[in-house]
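A closer look at the structure
The primary structure of each chain is shown beneath.
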Amino acid sequence: MTARIGVVTFPGTLDDQDALRAARLAGAEAVSLWHRDKDLKQVDAVVLAGGFSYGDYLRAGAISRFSPVMETIIEQAKAGMPVLGICNGFQILTEAHLLPGAMLRNNHLHFICRDQKLRVENAGTAWTSDYEQGEEIQVPLKNMDGRYVADERVLDELEAEGRVAFRYLDMNPNGSLRDIAGITNEAGNVVGLMPHPEHAVEPLVGTGRTDGLGFFTSILKKLVTA
Amino acid sequence: MTLDTVKHAAGTPDVSQPWKELGLKEDEYARIREILGRRPTGAELAMYSVMWSEHCSYKSSKVHLKQFGEKAPESDALLVGIGENAGVVDVGQGYAVTFKVESHNHPSYIEPYQGAATGVGGIVRDILAMGARPVAVMDPLRFGAADHPDTKRVLPGVVAGIGGYGNCLGLPNIGGEVVFDSCYQGNPLVNALCVGVMKHEDIHLAKASGTGNKVILYGARTGGDGIGGVSVLASETFDSTGPSRRPAVQVGDPFQEKLLIECTLEIFRENLVDGIQDLGGAGLSCATSELASAGSGGMRVELDRVHLRDATLSPEEILMSESQERMCAIVEPGKVDRFLEICEKWDVIATVIGEVTEGSQLEIFWHGEQIVDVPPRTVAHEGPVYHRPYERPSWQDALQADDANKLARPANSDELRAQVLKLVASPNQASKSWITDQYDRFVQGNTILAQPEDSGMVRIDEETNLGVAVATDGNGRYAKLDPYAGAQLALAESYRNVAASGAKPLAISNCLNFGSPEDPAVMWQFAEATRGLADGCLELGTPVTGGNVSLYNQTGETAIHPTPVVAVLGVIDDVTRRTPVAFAEEGQLIYLLGETREEFGGSAWSQVVHDHLGGLPPVVDLEREKLLGEILIAGSRDGMIDAAHDLSDGGLIQAVTESCLRGGKGARLVVPDGLDAFTFLFSESAGRAVVAVPRSEELRFTDMCGARGLPATRIGVVDGTESDSTAVVELQGEFSLQLSELREAHEATIPGLLA
């Protein structure tokens, strides 16, 4: 028995095939979802993949959040369905107010693509249970608008509630406040991060590491045992 | 405003026309009148002028480019040759790969960001038009001196443009080059390459046949960008009060292109098109005339149906517009509805603008009135051909006599050590990661190797692990010293790079960047370089599948170094067997393959230490390159080598430094018998590579090299690890350098100059 993990394709989504592959490699049934369909095809969890949905027009993620598929996802996420937002998907989740804060242009103003070290700060979410608390992992990072910001009160709240899920290690690649690379909602079902775990699932490609596979095995275990 | 219809043109033979302003020569204009039997309409004149331009017609280069076909080696791999949007190569298992390199030099100097961005967009559409899914891009780039203020204007813009466009398309950028030389000041070379993959049965060609089939224009709306010279026609002849001087550089929208890619691939999957062509240089003029002339009948186009971004555009401007992100398809009437449905799904605007006719003419109408009536072949393929005079320049002998082998060499170990550091820190030899880290190399999840590896490699089948590798190389300094040898050295280096990664070279594409063809010295360089390349391809068995010529890269009387850039495509049956450049395992043996001679003409050492260019480039031996390639591929396939790096500019010390830095390991080297330390480190003899051999494989490997007659010399051992500070690059009896010191020297230069 396995679970169905959906990956949404918006116009301009780029890493959807990678996320589908990662879900498959973890043992899930990977399902493509289309931005115009409200129907989630009975998936058990959803990944919002990276890219430049709607060309990042207006603001990264700002238009996608109003798409028909997002209506259902927002509703279901609030009801507890696991949702992972990667890069542009993280931006969409903040625009949709499923996660607090926002992403600004990198402080150095360049697109940056690198192999990034992270610390798993919360191994209790739906998407991180296969990691050890405090585990250091390395996954590719690639973005233009990756500088996580929120006001001090929100940041303090995130820290206090253990909702900072990932922090950049060794170097902060974009000027994110408090080195935050990813966060979770209170319930732990909605997680967003800028780096790309779906690019680190096979020893053969990319950086040759498989540190990102844990996201997909975590969710699968949770869904299958639930 | 009076419309210059065909009828009107026939009745007003004596109207004076701006052929000169449009760049046509008097005899070319006369020929157009002769073809048509009357004066051309404004629209026809505009079409001929752009299609007969150097850029579209290859009128100066054609007579030389013919050799690529005439001397083409027998190759079972070539499925589609020169002349289509891009050549197609069989890579086995039913897959075909198409690739091409193209220039966007001039626009990138004027407007670096958009020039470079639309360069990527254009080459990606060329690949898409063949029926392939684009899977990777690469960018060979050349700029003026690294410390020149204008380089700081041009380079960041070009890099941001390539990243801004390519990253948004979801195409991994897996390689390319960045070269600095003051000869490119004012004439940066921005070349762009794309690779695409398809099944054999998916190959599409640019032709319009089948009477009654519809012509569909789809993609972005047509605007006034990229019109350039044609605005002369619009503003001066027809309507002096209208908009004038449209911007000559196109503006790109990668989001639109991404939709166009996905939409087009879905259209291909449902087999909905008969012929297809992308819109690039010369826009609709090019697409309609090329589609029509490749087909069986004529074509009728209702130009007023084109979706416009700017309603004030004249028909001439619409025909010339180089607005990006547009394609033109020929579709059977019964498939039109489904075609439009898929376009709607992807939010892509599509319009039926005409149909294939029984006749033989290309006829274009504007609100019912005919403004074009031409035989399409005369526009697309029967442009002027020039046999430009060429002559070996008078200074060539003196340049070659200025022997780099006689330059002062380091007098002692300290000088040798200092020159090593200076070399690896020099802008051309330094790490380019500040640049390449602005490109996404991971997207699509199939990247096996990317810069700074010898070649870029992507997996094309997840089940069988079939992959392709591409490398691009060019060395203008070598080509300046001897264009024939320089072109062959570019070919040899690219071939070697692909083989060093473990892939078998199959075919090439080229981008020939030169100065003005009106200068006999430049034309001689061009003639020599094309001859060298054609001869070289014949000898290596790698046919030319297509490419691009960029002329007039010069400021005043001063041309750039002749710069033929060669892209070699290779195939690897199992990407798990690929060979990286990194020395990763301590204790592995470092072997130097090939022969080292005293060859310093055009070398990085002569440039960095003496700011010198003279003498002769390294000797070319293509038989040796082939043998080296076979050994590298066999070594990779049979697990005899764990790392390989080709030797080229900067020589052995550059390659060893890069392999050490990539793997975070040190190397202890010994000067082999018969060589001095200086020649060992800095010579740029061709046909060489360094490899790391596991001790358990040493005998097997040296036996293989011995049996095949390839010199293989053990020069050292991988030793020491950077993370515990035990890694050094040491040359026994001469010097020792901490790897951390080399890393600092190698990695700080480019950010220091540009960040």
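Residues numbered from 1 in each chain as written. Chains lettered and ligands numbered in written order. Predicted model: local features only at pLDDT ≥ 70, side-chain atom pairs only at ≥ 80, totals over all residues.

**A few points about the overall build of chain A**
When helices and strands are counted, chain A shows five helices and eleven strands. The globule rule puts the C-alpha radius of gyration for 226 residues at 17 Å, and the 16 Å found for chain A is close to it. On the principal axes, the C-alpha backbone points of chain A span a range of 40 × 35 × 35 Å. Looking at chain A residue by residue over its 226 residues, the buried ones come to 57%. The long-range fraction of contacts in chain A, counting pairs at least 24 apart against all pairs at least 6 apart in sequence, stands at 75%. (Helix = DSSP H or I, 4+ residues; strand = E, 2+ residues; numbered from the N terminus. Rg over C-alpha atoms; globule rule 2.2 N^0.38 Å. Buried ≥ 20, exposed ≤ 12 C-beta atoms within 10 Å, placed from the backbone. Contact = placed C-beta atoms within 7 Å.)

**Here we look at the overall build of chain B**
When its secondary structure is counted, chain B shows 26 helices and 28 strands. Here chain B has a C-alpha radius of gyration of 27 Å; the compact-globule value for 755 residues is 27 Å, and the two agree. Taken along its principal axes, the extent of the C-alpha atoms in chain B is 90 × 55 × 45 Å. Taking all 755 residues of chain B together, the buried fraction comes to 62%. In chain B, 85% of the contacts between residues at least 6 apart in sequence involve partners at least 24 apart.

**Some words on the UniProt feature "active site" (unreviewed entry) in chain A**
As recorded in UniProt, the sites labelled "active site" (unreviewed entry) are C87, H196 and E198 of chain A. Spanning 112 residues, the annotated positions come together in the fold, the maximum distance between their C-alpha atoms being 10.9 Å. Once residues within four sequence positions are removed from consideration, C87 of chain A is found in contact with G50, N143, M194 and H196 of chain A. Examined against the element boundaries, H196 of chain A turns out to sit in the loop between β11 (190-193) and α5 (213-225). Leave out the neighbours within four places in its chain, and H196 of chain A touches D15, G50, I86, C87, V139, P140, L141 and K142 of chain A together with F442 of chain B. (UniProt positions renumbered as here; feature names shortened; annotations may be inferred.)

**Some words on the UniProt feature "binding site: substrate" (unreviewed entry) in chain B**
Residue and element names in this part refer to chain B. Here, the residues flagged by UniProt with the feature "binding site: substrate" (unreviewed entry) are S103, H104, N105, H106, R125, Q250, E322, S323, Q324 and S550. A residue is classified by how many C-beta atoms lie within 10 Å of it, and Q250, with 28 of them, is buried. Setting aside residues no more than four positions away along its own chain, Q250 makes contact with Q114, T118, D225, G226, E322, S323 and Q324. With respect to the helices, strands and loops of the structure, Q324 is situated in the loop between α12 (315-320) and β10 (326-331). We classify Q324 as buried; it has 29 C-beta atoms within 10 Å.

**Regarding the sheet that holds strand β11 (residues 350-357) of chain B**
All names here are of chain B. An order of β8-β10-β7-β11-β9-β12-β13 is seen for the seven strands of this open sheet, with the pairing classed as mixed. With one partner strand each, in any of the chains shown, β8 (275-278) and β13 (369-374) form the two edges of the open sheet. Each strand axis lies, on average, 20° off the axis of its neighbour in the sheet, ignoring direction. Sheet analysis places strand β7 (residues 214-219) next to β11, joined by five bridges and oriented antiparallel. Opposite Y218, over in β11, you have A350 as the bridge partner. (Pairing = 2+ DSSP bridges. Axes fitted to C-alpha atoms, helices over the stretch in contact; angles between N-to-C directions.)

**Section: the sheet that holds strand β7 (residues 136-143) of chain A**
Residues and elements named next belong to chain A. Here we have nine strands laid out as an open sheet, ordered β2-β1-β3-β4-β11-β10-β9-β6-β7, and mixed in their pairing. Every other strand in the sheet has two partners, leaving β2 (29-34) and β7 as the edge strands with one partner each. Averaged over all neighbouring strand pairs, the angle between strand axes comes to 25°, with direction disregarded. Two elements, strand β3 (residues 45-48) and strand β4 (residues 83-86), share three bridges in a ladder whose sense is parallel. When the bridges of β4 are listed, L48 appears paired with G85.

**A few points about the interface of chain B and chain A**
Across the boundary between the two partners, chain B contributes 24 residues, which contact 22 residues of chain A. Elements with a minimum of two residues in the side of chain B that touches chain A: α8 (149-169), α10 (254-269) and β14 (447-449) of chain B. Split into classes, the residues belonging to the side of chain B that touches chain A amount to nine nonpolar, nine polar and six charged. (Nonpolar A, V, L, I, M, F, W, Y, C, P; charged D, E, K, R; others polar.)

**Describing unusual backbone geometry**
Along the chain, Q451 of chain B connects to P452 of chain B via a cis peptide bond; the corresponding omega equals 5°. Position of P452 of chain B relative to the elements: it lies in the loop between β14 and β15 (456-459). Backbone geometry places Q42 of chain A, a non-glycine residue, at a positive phi of 55°. Secondary-structure assignment places Q42 of chain A in the loop between β2 and β3. Residue Q42 of chain A is classed as exposed on the basis of its 8 C-beta neighbours within 10 Å. Here the phi dihedral of L109 of chain A falls at roughly 70°; this positive angle occurs in a residue that is not glycine. For L109 of chain A, a count of 9 C-beta atoms within 10 Å translates into the label exposed.

**Some thoughts on the UniProt feature "binding site: ATP" (unreviewed entry) in chain B**
Residues and elements named next belong to chain B. Residues annotated in UniProt with the feature "binding site: ATP" (unreviewed entry) correspond here to Y58, K100, N510 and G547. Take Y58: it is sitting in the loop between α4 (54-57) and α5 (62-70). The residues contacting Y58, other than those within four sequence positions of it, are L65 and V549. Its place among the elements puts K100 in strand β3 (residues 95-103).

**Some details on the pairing of β2 of chain A**
For a regular strand, the rule is simple: side chains alternate between the two faces of the sheet. Residue and element names in this part refer to chain A. With six bridges connecting them, strand β1 (residues 4-9) and β2 associate as parallel partners. Within the sheet, the bridge partner assigned to T9 lies in β2 and is W34. On the question of chirality, the crossover connecting β1 to the parallel β2 by way of helix α1 (residues 16-26) is right-handed. (Right-handed = clockwise from strand over helix to strand, strands pointing away.)

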